[in-house]
Amino acid sequence: MVRHFLDIHRLSAEDLRAILDDAHARKKSRQGWPKGRVDADAPARDRVLAMVFEKNSTRTRFSFDAAIRQLGGSAIIANAADMQLGRGEPVEDTAKVLSRMVDAVMIRANDHEDVERFARVSSVPVVNALTDRSHPCQILADLLTIEEHRGPVKGKTIAWVGDGNNVCHSFMHAAPKLGFTLNVACPAEYHPDLRDLAKGGDHVHLTSDPREAVRGADVVVTDTWVSMGDQDYEDRLAAFEAYGVDDALMDEAAEDAVFLHCLPAHRGEEVSDAVIDGPRSLVWDEAENRIHAQKAVLAWCFEAF
Ligand code: CP
Ligand code: NVA
């Protein structure tokens, strides 16, 4: 069986824990090293990763490229618009061709179903690097960051404030696997997809009140109110007006609560300058941790553990 990394709810709790543990260990083992040095075990030695982007990216693009190099492999990066995909070549044909040329494929796609279609015929591992539906690599980095600063995530309470979007869905997928509580506060018209909500089971609590969600939480997380591909910019800004994370909202959380945001951020909208640039913010560690998390994902795909 090829090991695809498509969504967190597809992983066993054991595999998810093993991926996080590998990420922690890999990060620790290379402290102080130059960023280009290859890990001692080089689990991707001689392997090539294709990176395909249908949407913009800074963190995902650089962190996956850095990650495969640190694992001893190399990357080929392409924007889908420059490929024949952009002129309508079927996803399945593209998947069959790339399977003959590379050892794994990372895809950032508009439509989640396209990644599923790609994986169904790919004979090499496929990694979901964000779709309209989910962003599992981001959540791994977030969990890694929480555990570095606050210990095991099991038993913790995480508050998601804002849009019930792709990143929120991946948090919901992770909650029952790792045993944390997720309080989600969003306006009724921008609630998460009910299929993803169901995957969170009784670990996820939905409300429209940000204060209720944040009260006593160990972690407060938000994301842009207007994701890539969303068209209704003005309607969204109006609907989310009461959902900005500022110091007053953070003060409702636990005394040692931390703040996360996958970035890019919109200061003055979903988060205030004081919070994102303040002492409770872990966003730069979170961004760096994309490298360490993705290395563990790739090592898992290559069956290094
Ligand atoms: N957080 C994240 O995925 O960032 P990019 O869109 O820059 O890759
Ligand atoms: N929800 C955001 C995440 C960006 C990393 C988007 O999909 O645009």
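Remember, it's a predicted structure, so these values are computed and weren't measured experimentally.

Visitor: How would you explain the overall build of the protein if you had to name every residue and give the values?
Guide: Looking only at helices and strands, the protein has twelve helices and nine strands in total. Taking 19 Å as the expected radius of gyration for a compact globule of 305 residues, we find that the protein reaches 19 Å, a close match to that expectation. Here the C-alpha coordinates of the protein stretch approximately 55 × 45 × 35 Å along the principal axes. Considering only intrachain contacts with a sequence separation of at least 6, the fraction spanning at least 24 residues in the protein is 72%. Surface accessibility of the protein: about 12900 Å² in total, with carbon and sulfur atoms responsible for 49%. Charge centroids of the protein, computed over 35 positive and 51 negative side chains, lie 7 Å from each other.

Visitor: Can you explain the site of ligand 2? Please cite residues and give values.
Guide: For ligand 2, the full set of nearby residues is Leu130, Asn165, Asn166, Asp223, Thr224, Ser227, Met228 and Leu263. Contacts to ligand 2 include Asp223, whose side-chain N or O atom sits 2.7 Å from a nitrogen atom. For ligand 2, a nitrogen atom lies 2.7 Å from a polar atom in the side chain of Ser227. For ligand 2, whose accessible area on its own is 270 Å², the fraction buried by protein is 93%. Among the residues making up the shell around ligand 2, the classes are represented as three nonpolar, four polar and one charged.

Visitor: How would you explain the packing of helix 1 (residues 13-29) against helix 12 (residues 283-301) if you had to name every residue and give the values?
Guide: How two helices pack is summed up by the angle between their axes together with the distance between the axes. Where helix 1 meets helix 12, the axes come as close as 8 Å, and the angle between the chain directions of the two elements is 125°. As judged from the angle between their axes, helix 1 and helix 12 are oblique. By crossing handedness, the relation of helix 1 to helix 12 is classed as right-handed. Listed contacts from helix 12 to Asp15, Ile19, Asp22, Ala23, Arg26 and Lys27 of helix 1 are Glu288, Asn289, His292, Ala293, Lys295, Ala296, Val297, Ala299 and Trp300. By residue class, the composition of the contact of helix 1 with helix 12 is seven nonpolar, two polar and six charged.

Visitor: Quick one: what's the story with the site of ligand 1, residue by residue and with numbers?
Guide: The immediate surroundings of ligand 1 are formed by Ser57, Thr58, Arg59, Thr60, Arg108, His135, Gln138, Cys262, Leu263 and Arg290. Contacts to ligand 1 include Thr60, whose side-chain N or O atom sits 2.7 Å from an oxygen atom. In this structure, Cys262 approaches ligand 1 through a main-chain N or O atom, which is 2.9 Å from a nitrogen atom. Contact with the protein chains covers 95% of the free accessible surface of ligand 1, which is 250 Å². Looking at the shell around ligand 1 residue by residue, the classes come out as two nonpolar, five polar and three charged.

Visitor: Please provide a residue-by-residue account of the environment of Ala109, values included.
Guide: Looking at where Ala109 falls in the secondary structure, it is placed in the loop between strand 3 (104-108) and helix 4 (112-121). Taking the C-alpha atoms as reference points, Ala109 and Lys55, separated by 54 residues in sequence, lie 6.6 Å from one another. Those residues within four positions of Ala109 in sequence are excluded, and the remaining contacts are Glu54, Lys55, Val115, Leu130, Thr131 and Asp132.

Visitor: Explain the sheet that holds strand 7 (residues 204-207) residue by residue, including any values.
Guide: An order of 7-6-5-8-9 is seen for the five strands of this open sheet, with the pairing classed as parallel. Taken across any chain shown, the strands that pair with only one partner, and hence form the sheet edges, are strand 7 and strand 9 (258-261). Neighbour to neighbour, the strand axes of the sheet diverge by 20° on average, direction disregarded. With three bridges connecting them, strand 5 (residues 157-161) and strand 8 (residues 219-222) associate as parallel partners.

Visitor: Give a detailed account of the side chain of Lys156, specifying residues and quantitative values.
Guide: As for its placement among the helices and strands, Lys156 is situated in the loop between helix 5 (136-150) and strand 5. Within the buried core, Lys156 has no salt-bridge partner, and the shortest N-O distance to an opposite charge, that of Asp218, equals 5.7 Å. Looking at Lys156, its side chain comes within polar contact range of the main-chain oxygen of Arg150, at 3.1 Å. Leaving out residues up to four positions away in the same chain, Lys156 has contacts with Arg150, Gly151, Phe180, Thr181 and Asp218.

Visitor: Describe the packing of aromatic side chains, with residues and values.
Guide: Aromatic ring pairs are defined here through the distance separating the ring centres and the angle between the ring planes. In total, this model carries five aromatic pairs according to the counting rule given. Between the aromatic rings of Phe240 and Tyr243, the centroid separation amounts to 6.3 Å while the plane-to-plane angle is 85°, which identifies the pairing as edge-to-face. Take Tyr243: its relative accessible area is 7%, and that puts it in the buried class. An aromatic cluster is present here, built from Tyr190, Trp225, Phe240 and Tyr243 joined pairwise through their rings. Directly above the aromatic system of Trp33 lies the positively charged group of Arg37, at a separation of 5.1 Å from the ring centroid. For Arg61, the ring lying beneath its charged end belongs to Phe53, and the centroid distance is 4.5 Å.

Criteria and thresholds
Residues numbered from 1 in each chain as written. Chains lettered and ligands numbered in written order. Predicted model: local features only at pLDDT ≥ 70, side-chain atom pairs only at ≥ 80, totals over all residues. Heavy atoms only, no water. Helix = DSSP H or I, 4+ residues; strand = E, 2+ residues; numbered from the N terminus. Rg over C-alpha atoms; globule rule 2.2 N^0.38 Å. Contact = heavy atoms within 4.5 Å. Areas by Shrake-Rupley, 256 points an atom, 1.4 Å probe, with all protein chains shown as cover. Lys, Arg positive; Asp, Glu negative; His and termini not counted. Charge placed at Lys NZ, Arg CZ, Asp CG, Glu CD. Near = heavy atom within 4 Å. Polar contact = N/O pair within 3.5 Å; in protein donor to acceptor, adjacent residues only side chain to side chain. Nonpolar A, V, L, I, M, F, W, Y, C, P; charged D, E, K, R; others polar. Axes fitted to C-alpha atoms, helices over the stretch in contact; angles between N-to-C directions. Parallel < 35°, antiparallel > 145°, perpendicular 65-115°, else oblique. Left-handed = near helix turned anticlockwise from the far one by under 90°. Pairing = 2+ DSSP bridges. Buried < 20%, exposed > 50% of the residue type's maximum accessible area, 1.4 Å probe, protein only. Salt bridge = Lys/Arg side-chain N within 4 Å of Asp/Glu carboxyl O. Phe/Tyr/Trp six-rings, centres within 6.5 Å; stacked < 30°, edge-to-face > 60°. Lys NZ or Arg CZ within 6 Å of the ring centre and 35° of its normal.

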